[in-house]
Amino acid sequence: MRLVTGALLLLAAEQAYAHAHLVQFPHYRTASPVLLPASAVFAVLGVGFLVWGALTDGRK
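Note that the structure is predicted; figures quoted are calculated from it, not measured.

So, about the pattern of salt bridges. Tallying each qualifying case throughout the model produces one salt bridge. Between aspartate 57 and arginine 2 there is a salt bridge whose closest N-O contact spans 2.9 Å. Pair noted here: aspartate 57 is in the segment after α2 (28–56) and arginine 2 is in helix α1 (residues 2–22), with a separation of 55 residues, a long-range link. By relative accessible area, aspartate 57 is classed as partly exposed at 36%. A relative accessible area of 28% means that arginine 2 is categorised as partly exposed.

Tracing the chain through its elements places tyrosine 28 in helix α2. Owing to a relative accessible area of 33%, tyrosine 28 belongs among the partly exposed residues under this scheme. Other than its neighbours up to four places away in sequence, tyrosine 28 contacts Val23 and Pro33.

This part takes up the side chain of serine 32. Here serine 32 shows up in helix α2. Contact partners of serine 32, with chain neighbours within four places excluded, come to Ala20 and Pro37.

Right, let's get into the side chain of serine 39. Mapped onto the fold, serine 39 is located in helix α2. A relative accessible area of 8% means that serine 39 is categorised as buried.

Turning our eyes to something else, we now look at the packing of α1 against α2. α2 packs onto α1 with a crossing angle of 160° between their chain directions and a minimal axis gap of 7 Å. One way to sum up the angle between α1 and α2 is to call them roughly antiparallel. Remark: the crossing between α1 and α2 carries left-handed chirality. A per-class count over the contact of α1 with α2 returns 19 nonpolar, nine polar and one charged.

Bringing a nonpolar patch on the surface into the picture now. Together, Met1, Val4, Leu8 and Leu11 make up a nonpolar patch on the protein surface, roughly 460 Å² of accessible area in all. Note on placement: valine 4 falls in helix α1. The partly exposed category is assigned to valine 4, whose relative accessible area is 47%.

Definitions and limits used
- Residues numbered from 1 in each chain as written.
- Predicted model: local features only at pLDDT ≥ 70, side-chain atom pairs only at ≥ 80, totals over all residues.
- Heavy atoms only, no water.
- Salt bridge = Lys/Arg side-chain N within 4 Å of Asp/Glu carboxyl O.
- Helix = DSSP H or I, 4+ residues; strand = E, 2+ residues; numbered from the N terminus.
- Buried < 20%, exposed > 50% of the residue type's maximum accessible area, 1.4 Å probe, protein only.
- Contact = heavy atoms within 4.5 Å.
- Axes fitted to C-alpha atoms, helices over the stretch in contact; angles between N-to-C directions.
- Parallel < 35°, antiparallel > 145°, perpendicular 65-115°, else oblique.
- Left-handed = near helix turned anticlockwise from the far one by under 90°.
- Nonpolar A, V, L, I, M, F, W, Y, C, P; charged D, E, K, R; others polar.
- Patch = residues over 30% accessible without salt bridge, like charges linked within 9 Å, V, L, I, M, F, W, Y side chains within 5 Å.
- Areas by Shrake-Rupley, 256 points an atom, 1.4 Å probe, with all protein chains shown as cover.

In structure tokens:
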């Protein structure tokens, strides 16, 4: 389950990063400062969950 959670968090990180660069003119100044750090947090958590899941949920 941790592997699935990590994969979903990495997917959310990719989506937040992509949306930060696709926001149009009037809103990019408010959206980018929120979405870029959120993308970084999601990526760190996603990698953490993937590593944790690979170590604990893997074959024994």
